[in-house]
Amino acid sequence: MNKSTQFNKLKKQILKINLPFQNTAHNLVLGRGNLNAQILLLGEAPGKNEDLQGLPFVGNAGKFLDQLLSSVNLTEADIFISNIAFYRPPKNRQPTKKELAEFLPFVKQLIQLIDPKIIVLLGRTPLSLFLPEQKISEVHGKAKKINWNNKELFILPLFHPAAALYMRNLKPVLEKDFKEIRKII
Ligand code: URA
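Remember, predicted model here, so these are calculated numbers, not experimental data.

Trainee: When you look at the packing of helix H1 (residues 3-16) against helix H4 (residues 97-114) in this model, what are you seeing that I'm missing?
Mentor: Each pair of packed helices can be summarised by the angle the axes make with each other and by the distance between the axes. Running from amino to carboxyl end, H1 crosses H4 at an angle of 175 degrees, the nearest separation of the two axes being 10 Å. In terms of orientation, H1 lies roughly antiparallel with respect to H4. Seen from H1, the contacting residues are Lys3, Gln6, Phe7, Leu10, Gln13 and Ile14; seen from H4, they are Phe106, Gln109, Leu110, Leu113 and Ile114. The residue makeup of the contact of H1 with H4, split by class, is seven nonpolar, three polar and one charged.

What follows is the structure, encoded as structure tokens:
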């Protein structure tokens with residue numbers, strides 16, 4: 001089965017079950033980009049624009065992310081991007097641990113499907129999934145080799161692009177940290 005068939009199958013499977021925020025969201029936001037990419041980026045959860053379009057990172061944070069990608073000569077063809085929650089939480093609140101745990105088996109399936117060389121974690125929420133003990137302020141920009149479901153891969157925690165838009169002092173840090181992707185790919 002090719003990746004696009006697998007992706008559609010996963011989508012259908014997810015649509016069939018009851019997941020957090022499904023009743024209030026407009027669309028499932030499972031991801032966009034190249035299913036064969038070596039780079040997988042994971043954010044937290046869809047926002048308003050993402051919910052309406054059914055695509056991740058299409059609002060302001062997404063525009064900034066596109067700039068960051070092009071600053072290291074990457075395009076949508078080089079990446080796949082998704083979130084660790086696939087529906088927009090009401091009023092954009094942060095998903096609880098319990099809610100995230102319900103999405104986790106599908107996040108794992110997505111990672112398995114993409115089979116990336118590096119997972120870029122956008123912000124502290126996706127970081128908490130992989131390295132629950134670590135603080136984003138301490139580990140941002142530091143790629144780490146981990147064992148994920150019996151497979152070695154790199155994870156690179158970064159500040160969330162939306163955080164860098166609110167806190168301008170984080171912007172140059174994120175721009176610098178982004179270059180780390182190129183040391184692996
Ligand atoms: N922020 C996220 O974490 N994910 C999106 O898809 C958009 C904004």
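Trainee: Please explain H1 as it appears in this structure.
Mentor: Along an α-helix, residues three or four positions apart point the same way, because every turn accommodates 3.6 residues. Helix length check: H1 (14 residues) gives 20 Å between terminal C-alpha atoms against 20 Å at 1.5 Å per residue, within 8%. Turning to H1, its buried residues number three or more, namely Phe7, Leu10 and Ile14. Looking down the long axis of H1, one finds its buried residues gathered within 60 degrees of arc, a one-sided arrangement. For H1, the exposed residues set more than 90 degrees away from the buried face come down to Lys9, Lys12 and Lys16. Structurally, H1 contributes buried residues whose contacts are with strand E3 (79-83) and H4. The N-terminus of H1 is capped by asparagine 2, whose side-chain oxygen sits 3.2 Å from the backbone nitrogen of serine 4.

Trainee: Explanation requested: the pairing of E3 in the structure shown.
Mentor: Each regular strand displays side chains that alternate between the two surfaces of the sheet. With five of five residues buried, E3 lies mostly within the body of the structure. Burial of the side chains of E3 extends over both faces: Ile79, Ile81 and Asn83 are buried on one face and Phe80 and Ser82 on the other. For strand E1 (residues 32-33) and E3, the ladder comprises two bridges, and the chain directions are antiparallel. Opposite glycine 33, over in E3, you have phenylalanine 80 as the bridge partner. In this sheet, E3 lies alongside strand E2 (residues 39-43) in parallel orientation, the contact comprising five bridges. Following the sheet pairing, leucine 42 is matched in E3 by serine 82.

The rules behind these values
- Residue numbering note: each chain is counted from 1, following its sequence as written.
- Local features in this predicted model are restricted to residues of pLDDT 70 or higher, and side-chain atom pairs are both shown and tallied only at a pLDDT of 80 or more, whereas totals for entire chains, interfaces and linings draw on every residue.
- Calculation of side-chain values draws on the structure's entire complement of heavy atoms; hydrogens and water are dropped beforehand.
- Between the N-to-C directions of two axes lies an angle of 0 to 180 degrees, each axis being a line fitted to C-alpha atoms and, for a helix, fitted only over the stretch in contact.
- By the criteria applied, helices consist of DSSP H or I runs no shorter than four residues and strands consist of E runs no shorter than two, each listed in order from the N terminus.
- Roughly parallel refers to an angle under 35 degrees, roughly antiparallel to one over 145, roughly perpendicular to one between 65 and 115, and oblique to any angle outside these ranges.
- Residue contacts are defined here by distance: any two heavy atoms, one from each residue, within 4.5 Å place the two residues in contact.
- For this scheme, ten residues count as nonpolar: Ala, Val, Leu, Ile, Met, Phe, Trp, Tyr, Cys and Pro. Four count as charged, namely Asp, Glu, Lys and Arg, and the remainder, Gly too, count as polar.
- Under the convention used throughout, the expected extent of a helix is 1.5 Å for every residue step, that is, one less than its residue count.
- When accessible area is computed with a 1.4 Å probe and restricted to protein chains, residues below 20% of their type maximum are described as buried, those above 50% as exposed, and intermediate ones as partly exposed.
- Arc, as used here, means the arc of the directions from the helix axis to the C-beta atoms.
- By the criterion applied in these results, polar contacts are pairs of N or O atoms within 3.5 Å in which, for protein atoms, one can donate a hydrogen and the other can accept it, and in which residues neighboring in sequence qualify only through two side-chain atoms.
- In this analysis, strands are considered paired if DSSP registers two or more bridges between them.

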